[in-house]
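Observations on chain architecture
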Amino acid sequence: MNYEIEFKSLDSYIKKRYAKIVYPDMKKKKYPVVIATHYEVDFSDHAIKKLLDNGIAVATPSQMQIEDIRNIFADNLEFHLEYIKMIYNLEDIDKERIAFRGGSAGGFMTLYMAKLLPWVRCVYCMSGVSNFYYQAKYLENPNNCELEGVKAVNSNFKETIDYLKNQEAYDKYSMILHLESVNTHILLLHSTADSMVP
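Summary of the structure given here. (Residues numbered from 1 in each chain as written. Predicted model: local features only at pLDDT ≥ 70, side-chain atom pairs only at ≥ 80, totals over all residues. Heavy atoms only, no water.)

1. Observations regarding the sheet that holds strand β6 (residues 122-126)
Within the open sheet, the seven strands sit side by side as β1-β2-β4-β3-β5-β6-β7. Their pairing is mixed. One side of each edge strand has no neighbouring strand; the edge strands of this open sheet are β1 (2-8) and β7 (185-189). Taking the axes of each pair of neighbouring strands and ignoring which way they run, one obtains an average angle of 25° across the sheet. Here five bridges tie β6 to β7, and the two strands are oriented parallel to one another. Looking across to β7, one finds that Met-126 is bridged to Leu-189. The sheet strands contacting helix α3 (residues 75-88) are β1, β2 (14-22), β3 (31-36), β4 (57-62) and β5 (93-103), and the helix crosses β1 at an angle near 130°. (Pairing = 2+ DSSP bridges. Helix = DSSP H or I, 4+ residues; strand = E, 2+ residues; numbered from the N terminus. Axes fitted to C-alpha atoms, helices over the stretch in contact; angles between N-to-C directions. Contact = heavy atoms within 4.5 Å.)

2. What about the layout of surface pockets?
A probe as big as a water molecule, rolled over the atoms, marks out the empty space that is left. Volume-wise, the largest pocket comes out at about 190 Å³. Gly-128, Val-129, Ser-130, Asn-131 and His-190 are, among the 16 residues lining the largest pocket, the residues nearest its centre. When residues of the lining of the largest pocket are traced back to their parent elements, those giving at least two are α5 (132-140) and β7. Residue composition of the lining of the largest pocket, grouped by class: 10 nonpolar, six polar and no charged. (1 Å grid on protein atoms, 1.4 Å probe; cavity = no way out; pocket = protein on both sides within 12 Å on 5 of 7 lines; lining within 4 Å. Points joined across faces, edges and corners; volume = space filled by probe spheres on them. Nonpolar A, V, L, I, M, F, W, Y, C, P; charged D, E, K, R; others polar.)

3. Side note on the nonpolar core
Ile-21, Val-33, Ile-35, Tyr-83, Ile-87, Phe-100 and Met-113 are the most contacted members of the largest nonpolar core, which totals 40 residues. Here this core takes seven residues from α3, the largest share from any one element. Apart from residues no more than four positions distant in its own chain, Ile-87 is found in contact with Ile-21, Val-33, Ile-35, Ala-59 and Ile-93. (Core = buried A, V, L, I, M, F, W, Y, C linked by side-chain atoms within 4.5 Å. Buried < 20%, exposed > 50% of the residue type's maximum accessible area, 1.4 Å probe, protein only.)

4. Remarks on the pattern of salt bridges
Counting across every chain of the model gives two salt bridges. A salt bridge links Glu-96 to Arg-121; the shortest N-O distance between them is 2.3 Å. Here Glu-96, found in strand β5, pairs with Arg-121, found in the loop between α4 (105-116) and β6; they are 25 residues apart in sequence, far enough to count as distant. The class for Arg-121 is partly exposed, based on a relative accessible area of 39%. (Salt bridge = Lys/Arg side-chain N within 4 Å of Asp/Glu carboxyl O.)

5. A look at the pairing of β6
Side chains Val-123 and Cys-125 project from β6 onto a buried face, and the interleaved Cys-122, Tyr-124 and Met-126 project onto a face without burial. Following the chain from β5 across α4 to the adjacent parallel β6, one finds a crossover that is right-handed. (Right-handed = clockwise from strand over helix to strand, strands pointing away.)

6. Structural notes on the environment of Phe-100
Along the polypeptide, Phe-100 turns up in strand β5. Sequence separation of Phe-100 and Ile-35 is 65 residues, and the distance between their C-alpha atoms is 4.7 Å. Sequence-distant contacts of Phe-100, that is, excluding residues within four places in its chain, are made with Ile-35, Ile-84, Thr-110, Met-113, Ala-114, Leu-117, Trp-119, Val-120, Cys-122, Val-123 and Tyr-124.

7. A look at α4
Under the 1.5 Å per step criterion, the end-to-end length of α4 is 17 Å for 12 residues, consistent within 8% with the ideal 16 Å. A large share of α4 lies buried, amounting to 10 of its 12 residues. Those residues of α4 that are buried lie in contact with α3, β5, β6, α5, α8 (167-173) and β7. (Expected span 1.5 Å × (residues − 1).)

8. A word on the side chain of Arg-101
Along the polypeptide, Arg-101 turns up in strand β5. For the buried residue Arg-101, which engages in no salt bridge, the nearest side chain bearing the opposite charge is Asp-45, 5.2 Å off. Residues within four places of Arg-101 in sequence aside, it is in contact with Val-34, Ile-35, Ala-36, Thr-37, Val-41, Ile-48, Thr-110, Tyr-124 and Met-126. (Lys, Arg positive; Asp, Glu negative; His and termini not counted.)

9. Brief notes about α3
The end-to-end C-alpha separation of α3 is 20 Å, in line with the 20 Å expected for 14 residues at 1.5 Å each. With 10 of 14 residues buried, α3 lies mostly within the body of the structure. Looking only at α3, the buried set comprises Asp-75, Asn-76, Leu-77, Phe-79, His-80, Leu-81, Tyr-83, Ile-84, Met-86 and Ile-87.

Here is the structure:
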């Protein structure tokens, strides 16, 4: 099912983005759900198929444009709060069995949303950005600038990188400093060969 999500932007405009939820074939009164953050889920992915095969619904942002994801903060936080609350309020969702998943910038978003929304039961964070100070220093290092992953981050997330050039933003959004405020189970997976989020 597809949904239109209205949210109030930081400049006080009402904006719209989209989300969808895919249910398993098996019928249930209430479905556990995994809510994906920041990036749209590929439903041909083996891990996503496995969730559906095991009776777990999957929700995802949809129809995302590159400009929608370039700034991890700002409107993206407002959209995610409204999107996740909308999924939570669906009558056929088991509110005791909700998980967040995300990778890279989406990994940050899973941890940050778990901080704001304490009813989430667990978080699955794949190569998530948890220390923006370290991340910014890594991206600025001349030895790393020609790595394909670094070039992609520096071009696609310029707004975010520029925003993070002040200590207040580092401290507010670096979840490594705030994990004690995430009152849920966290599974962190990180590749040792990740050139974008080391």
